[in-house]
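Given next are the chains, with one letter for each unit.
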Protein chains: 2
Amino acid sequence: MQKLRIAVDMDEVIADMHGAKLAWLTERFGYEWKEHLLVGKNVRDLIDPAHAAALDEHLHLGEFFGDLQIIDGSVEALRELNARHDLFITTAAMEFPLSLRHKWDWLRRNMPFLDPLNIVFCGRKDIVCADFLIDDSPRHFERFIGQGILFSAPHNALETRYPRLASWNDAAHVLTELSSRRQS
Amino acid sequence: MQKLRIAVDMDEVIADMHGAKLAWLTERFGYEWKEHLLVGKNVRDLIDPAHAAALDEHLHLGEFFGDLQIIDGSVEALRELNARHDLFITTAAMEFPLSLRHKWDWLRRNMPFLDPLNIVFCGRKDIVCADFLIDDSPRHFERFIGQGILFSAPHNALETRYPRLASWNDAAHVLTELSSRRQS
């Protein structure tokens with residue numbers, strides 16, 4: 001396979017933002033989560049608006065982003081992709097500017113093999129110039145110059161417009177297939 | 001003129017990094033600067049390596065980036081470009097990660113008309129997808145997908161490979177001309 005430029009999102013793709021939000025809401029407000037109720041929904045649409053505001057306030061402090069768990073298999077998959085391809089991390093950070101430093105620390109600590117010059121903190125992702133963008137938010141694909149690949153998360157379970165990566169174990173296979181389709 | 005995607009660098013293009021470095025070196029180590037000696041040179045090549053290391057240490061603290069003066073005419077020119085085009089700020093921040101927050105504050109304070117979602121903190125700028133990139137460092141143009149425009153600074157005075165913006169007063173004129181050349 002030729003060398004590809006691959007951009008990978010951070011929250012809910014390599015860093016478990018979703019799980020941390022659910023845990024915080026449970027600890028703070030006592031929510032219990034039923035998996036089937038999260039399908040196709042954003043968490044904030046399922047909770048009291050005052051609790052959503054409290055969550056936002058907490059996110060704005062920034063530290064939340066430095067403590068996220070790693071999404072299963074992402075370290076191994078990204079190490080592999082980084083060795084074969086031109087890998088970038090492209091993460092929307094401008095909504096929570098105090099997250100910048102913590103996202104940086106998270107990446108350096110958990111993915112030390114990534115070249116810091118290949119880290120991109122942005123807002124709109126149509127500014128990203130890459131062959132593939134692996135992201136959990138389909139809105140980023142609408143004006144993206146390359147091929148979007150949806151990383152599966154409960155909130156995007158009903159989205160059908162884009163190829164999908166269900167777990168990091170499938171990454172090499174999915175990229176090989178999509179890449180050969182693009183060339184033919 | 002059709003709507004263009006224009007990416008603009010920060011240090012030495014809208015924020016006076018160069019002037020601030022010279023002033024810091026003068027204050028700290030007593031340097032006196034002769035303009036003609038700076039032509040085609042990076043400041044760090046003209047100073048004692050121990051002083052360059054002290055400057056780097058100071059830059060790593062990050063606050064330096066929040067106090068930079070505005071480059072002449074940049075606020076007015078960017079306000080105008082932002083009204084007519086799709087304007088992004090694309091700044092290399094990964095060498096000094098503690099600068100991130102201060103660069104953010106600088107942009108919000110001095111260019112409040114910019115959409116925060118159009119701010120990009122990156123390292124390599126070939127990840128930027130735009131029609132034009134206005135930057136003082138020609139190395140960023142080598143693999144850039146669009147047309148690089150060199151913003152004049154003493155260190156790039158001898159560079160001849162790219163069209164040049166000598167001051168922000170010429171921005172509308174230069175962009176109109178380059179844009180019509182690209183379409184024909």
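Residues numbered from 1 in each chain as written. Chains lettered and ligands numbered in written order. Predicted model: local features only at pLDDT ≥ 70, side-chain atom pairs only at ≥ 80, totals over all residues. Heavy atoms only, no water.

Draft legend 1. Quick peek at the interface of chain B and chain A. Contacts between the two partners involve 23 residues from chain B and, on the opposite side, 23 residues from chain A. Carbon and sulfur atoms make up 68% of the area that chain B and chain A hide from each other, which totals about 2,300 Å². The largest share of the area that chain B buries against chain A comes from M94(B), R124(B) and I127(B), three residues that together contribute 29% of it. At the boundary of chain B with chain A, the tally comes to four salt bridges. R5(A) is the salt-bridge partner of D126(B), the closest N and O atoms lying 2.8 Å from each other. Where chain B touches chain A, the interface holds nine residue pairs in polar contact (both at pLDDT 80 or more). (Contact = heavy atoms within 4.5 Å. Buried area = accessible area lost by both parts, 1.4 Å probe. Salt bridge = Lys/Arg side-chain N within 4 Å of Asp/Glu carboxyl O. Polar contact = N/O pair within 3.5 Å; in protein donor to acceptor, adjacent residues only side chain to side chain.)

Draft legend 2. Main features of the relation of the copies chain B and chain A. Laying chain B over chain A is done by rotating through 180° and shifting 0.0 Å along the axis; what remains is an RMSD of 0.0 Å. Taken together, the turn and the small shift mark the pair as related by a two-fold rotation axis. Looking at chain B, 100% of its interface residues are interface residues in chain A too, so the copies touch through the same face. (Least-squares fit on C-alpha atoms with pLDDT ≥ 70 in both.)

Draft legend 3. Structural detail: the pattern of salt bridges. Enumeration over the complete set of coordinates arrives at 28 salt bridges over all chains. Here R84(A) and E80(A) are joined by a salt bridge, their closest N and O atoms 3.6 Å apart. Of this pair, R84(A) and E80(A) both sit in helix α4 (residues 74-84), four residues apart, roughly one helical turn. Residue classification places E80(A) among the partly exposed positions, given a relative accessible area of 43%. Across the pair R124(B) and D126(B) runs a salt bridge, and its minimum N-O distance is 2.7 Å. Under the relative-accessibility criterion, R124(B) is labelled buried at 17%. Taking the relative accessible area as the measure of exposure, D126(B) reaches 6% and is therefore buried. (Helix = DSSP H or I, 4+ residues; strand = E, 2+ residues; numbered from the N terminus. Buried < 20%, exposed > 50% of the residue type's maximum accessible area, 1.4 Å probe, protein only.)

Draft legend 4. View of the packing of helix α1 (residues 17-29) of chain B against helix α3 (residues 49-61) of chain B. All names here are of chain B. Interaxial distance between α1 and α3 falls to 11 Å at its minimum, and their mutual angle equals 120°. By the angle between their axes, α1 is oblique relative to α3. Here α1 runs over α3; the crossing is right-handed. Mapping the contact onto sequence places M17, K21, W24, L25 and F29 in α1 and H51, A54, L55, H58 and L59 in α3. (Axes fitted to C-alpha atoms, helices over the stretch in contact; angles between N-to-C directions. Parallel < 35°, antiparallel > 145°, perpendicular 65-115°, else oblique. Left-handed = near helix turned anticlockwise from the far one by under 90°.)

Draft legend 5. Layout of the environment of R101(A). Inspection of the secondary structure puts R101(A) in helix α5 (residues 99-110). Using a relative accessible area of 35% as the deciding quantity, one classes R101(A) as partly exposed. Distance from R101(A) to L46(A), taken between C-alpha atoms, is 30 Å for residues 55 residues apart in sequence. Ignoring any residue separated from it by four or fewer positions in sequence, one finds R101(A) in contact with P97(B) and L98(B).

Draft legend 6. Layout of the pairing of strand β2 (residues 86-92) of chain A. All names here are of chain A. Here β2 lies mainly inside the structure; six of its seven residues are buried. Here β2 runs beside strand β3 (residues 119-122); their pairing, made up of four bridges, is parallel. Within β3, the residue paired with I89 across the bridge is I119. Between β2 and its parallel partner β3, the chain crosses via α5, and the hand of that crossover is right-handed. (Pairing = 2+ DSSP bridges. Right-handed = clockwise from strand over helix to strand, strands pointing away.)

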